[in-house]
Amino acid sequence: FGVTSRESNPALGLRSIRLCLTPAGRPVFKSQIRGLLRASAVGPLRIMFPMITDIAELRAAKDMLAEAKDELRGRGEPFDDDIKVGAMIEMPAAAMIADLIAKEVDFVSVGTNDLIQYALAVDRVNEQVGYLYQPLHPAILRLVRSITQAAHDQHIPVSMCGEMAGEPLLALILLGLGLEELSMNASSIPIVKNILRESSLAEAKELVKEAFLRHTSTEIEALVKEHMAHRFPVEEE
């Protein structure tokens, strides 16, 4: 991309969609989009733009997608003209305008690793403050609830990725919050699948209702652990 300057705080600097939309980044970004469009001609594929913080960024990325489509049309190259476009909701700013973003895309995905990190101002790999990285913090649950509600209001799918999505302890909470799809590592799939198969949406919503009556992450975690231990006891060898 031709960006060589070092940043004192790169996590809050020029990266992801921000870098893609710079004059230096646009040619590479356009090339990547064209590659995705070509691949869409031979199988189902969706495009999701990461680290969106406002509607202007999202529209700029969508404009580049439209330009790439025009270029491929001009060359007579096939692609899926109805390819689905989504946005990653991983910045607190995006979470707070999720209702606006949901009107601009075909789907959204909650990126929990960065959302939790930025919302709680906690570096999750910093041993000194890592204990403050709390997926069950009331603020995080409220953010996720508002995102899922925004997606549902626009009748578009909402998914989740990140460590939170693959944590079996949180499976019912996520179901109750309205998540429709979870992305996780392979080892978590059979465990989470079993939990969801043995549960009902009504049960999950009731657990979420109880969680929102608690005021601290410690209280919520205790509630969830007690419920999951009762519903899915670990067999002693």
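Preceding block: the structure.
Summarised in this report is the structure supplied together with it. Quick caveat: nothing in here was measured; it's all calculated off a predicted structure.

## Quick word on the overall build of the protein chain
Argument step 1. Summing up its helical and strand segments, the protein chain has 11 helices and five strands in all.
Argument step 2. Reported as C-alpha extents along the three principal axes, the dimensions of the protein chain are approximately 60 × 40 × 35 Å.
Argument step 3. The proportion of buried residues among the 237 residues of the protein chain is 43%.
Argument step 4. The contacts of the protein chain with a sequence gap of at least 6 include a subset with a gap of at least 24, amounting to 64%.
Argument step 5. Accessible area for the protein chain stands at about 12900 Å²; split by element, carbon and sulfur atoms hold 52% of it.
Argument step 6. Computed over 25 positive and 33 negative side-chain charges, the inter-centroid distance for the protein chain is 5 Å.

## Comments concerning the nonpolar core
Argument step 1. Core analysis: the largest hydrophobic core is formed by 68 residues, its most contacted members being Ile17, Phe29, Phe49, Ile101, Val108, Ile147 and Ile173.
Argument step 2. Apart from the residues lying within four places of it in its own chain, the contact partners of Val108 are Ala87, Ile89, Ile101, Ile147, Ala151, Ile156, Pro157, Val158 and Ser159.

## A short note on the pattern of salt bridges
Argument step 1. For the coordinates displayed, the defined rule picks out 16 salt bridges.
Argument step 2. Glu181 is the partner of Arg46 in a salt bridge, and the nearest nitrogen-oxygen pair spans 3.8 Å. Note that Arg46 is positioned in strand E1 (residues 46–49) and Glu181 in strand E5 (residues 181–182), a separation of 135 residues in sequence.
Argument step 3. In this structure, Asp81 engages Arg73 in a salt bridge whose closest nitrogen and oxygen atoms are separated by 2.7 Å.
Argument step 4. You can call Asp81 partly exposed: its relative accessible area is 39%.

## Description of the layout of surface pockets
Argument step 1. Here the largest pocket defines a volume of roughly 240 Å³.
Argument step 2. Considering the residues around the largest pocket, the lining is formed by 15 residues, among which Gln134, Pro135, Leu136, Glu167 and Leu170 are closest to the centre.
Argument step 3. Listing elements by their share of the lining of the largest pocket, those giving two or more residues are helix H6 (112–120) and helix H11 (217–231).
Argument step 4. Among the residues making up the lining of the largest pocket, the classes are represented as seven nonpolar, five polar and three charged.

## Brief notes about H6
Argument step 1. The buried count for H6 comes to eight of nine residues, which makes it a mostly enclosed element.
Argument step 2. Turning to H6, its buried residues number three or more, namely Thr112, Asn113, Asp114, Leu115, Ile116, Gln117, Tyr118 and Leu120.
Argument step 3. If you follow the buried residues of H6, they end up packed against helix H4 (92–96), strand E3 (107–111), helix H7 (138–153) and strand E4 (158–161).
Argument step 4. Ala121 occupies a position one or two residues after H6 and carries a positive phi of about 55°.

## Some remarks on the packing of H6 against H7
Argument step 1. Relative to each other, H6 and H7 sit at 125°, their axes nearing to 10 Å. Between H6 and H7, the interaxial angle falls into the category oblique. Pair H6 / H7 crosses with right-handed handedness. Here Leu115, Ile116, Ala119 and Leu120 of H6 come into contact with H7, specifically with Ile140, Leu143 and Ile147.
Argument step 2. Of the residues belonging to the contact of H6 with H7, the class tally is seven nonpolar, no polar and no charged.

What counts, and where the lines are drawn
- Residues numbered from 1 in each chain as written.
- Predicted model: local features only at pLDDT ≥ 70, side-chain atom pairs only at ≥ 80, totals over all residues.
- Heavy atoms only, no water.
- Helix = DSSP H or I, 4+ residues; strand = E, 2+ residues; numbered from the N terminus.
- Buried < 20%, exposed > 50% of the residue type's maximum accessible area, 1.4 Å probe, protein only.
- Contact = heavy atoms within 4.5 Å.
- Areas by Shrake-Rupley, 256 points an atom, 1.4 Å probe, with all protein chains shown as cover.
- Lys, Arg positive; Asp, Glu negative; His and termini not counted.
- Charge placed at Lys NZ, Arg CZ, Asp CG, Glu CD.
- Core = buried A, V, L, I, M, F, W, Y, C linked by side-chain atoms within 4.5 Å.
- Salt bridge = Lys/Arg side-chain N within 4 Å of Asp/Glu carboxyl O.
- 1 Å grid on protein atoms, 1.4 Å probe; cavity = no way out; pocket = protein on both sides within 12 Å on 5 of 7 lines; lining within 4 Å.
- Points joined across faces, edges and corners; volume = space filled by probe spheres on them.
- Nonpolar A, V, L, I, M, F, W, Y, C, P; charged D, E, K, R; others polar.
- Axes fitted to C-alpha atoms, helices over the stretch in contact; angles between N-to-C directions.
- Parallel < 35°, antiparallel > 145°, perpendicular 65-115°, else oblique.
- Left-handed = near helix turned anticlockwise from the far one by under 90°.

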